[in-house]
Structure formats: structure tokens, C-alpha cells
Amino acid sequence: MSDEKMNTTERYKYLRMMQKRYLEAGREERGRLLDEMEPITGQHRKSLIRSMNGSLVRKKREKQRGCRYDFEVEQAIRVILKSMDHPCAERL
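Residues numbered from 1 in each chain as written. Predicted model: local features only at pLDDT ≥ 70, side-chain atom pairs only at ≥ 80, totals over all residues. Heavy atoms only, no water.

Describing the packing of aromatic side chains
According to the stated counting rule, one finds 0 aromatic pairs in the structure shown. One Lys or Arg, R30, reaches over the ring of Y22 and ends 4.7 Å from the middle of that ring. (Phe/Tyr/Trp six-rings, centres within 6.5 Å; stacked < 30°, edge-to-face > 60°. Lys NZ or Arg CZ within 6 Å of the ring centre and 35° of its normal.)

Topic: the side chain of T41
Within the element layout of this structure, T41 appears in helix 2 (residues 27-41). With a relative accessible area of 7%, T41 lands in the buried category. Of note is the side chain of T41, whose polar atom sits 2.9 Å from the backbone oxygen of M37. (Helix = DSSP H or I, 4+ residues; strand = E, 2+ residues; numbered from the N terminus. Buried < 20%, exposed > 50% of the residue type's maximum accessible area, 1.4 Å probe, protein only. Polar contact = N/O pair within 3.5 Å; in protein donor to acceptor, adjacent residues only side chain to side chain.)

Digging into the nonpolar core
One finds Y14, L15, M18, Y22, A25, L33, L34, M37, L48, M52 and L56 forming the largest nonpolar core, which totals 11 residues. Secondary structure elements with two or more residues in this core: helix 1 (8-24), helix 2 and helix 3 (45-53). By residue number, the principal contributor to this core is helix 1, which donates 4 residues. (Core = buried A, V, L, I, M, F, W, Y, C linked by side-chain atoms within 4.5 Å.)

Here it is as C-alpha cells:
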């Protein structure tokens, strides 16, 4: 198996496919399914158990992030960055 990790969308798709098998399985089979899912998803057993018994529908953020700075502040920061030859955030 490669060292590439699943992204969130792939993980939800895989878990939705496994959920039906998990819910229909007996206790021993559930343990084997969890053993199989652990290395594939990179999640811990307890997290997988919660996922399998819960809803596997992704939720949107309730409150969207707003702008951090208003336009004038952002323009001032751009001027300072350019005049200082774009230093890192710590030096700025």
C-alpha cells in the first residue's frame, strides 16, 4: 500500500460504502471490519465506531469566516511588505 493519505471526500465515500456492511455484521465481523478500516482511513477505532453508528453526511460550516482586515489595512500591509522586500510574517 502506498503512503498517500485519503482526503476527506475519499474517506467519507469509503466509510459510506463500509457502513452498510458494518451495520449488518455481528460483533466479531465488526471487529474485523474495524481492523480493516483503521489502516486505510488512518482513523482510530473509536472514531470509526462513531462514524459507522452516526451520519456520514458532511456538514457545511454554520458560520462562514469573515474578512480579517478591511481594505485600507490590507493596502497598507501590501505597501509595507513591498518596501521591506517581502519578509516572513515573524519579521514583518
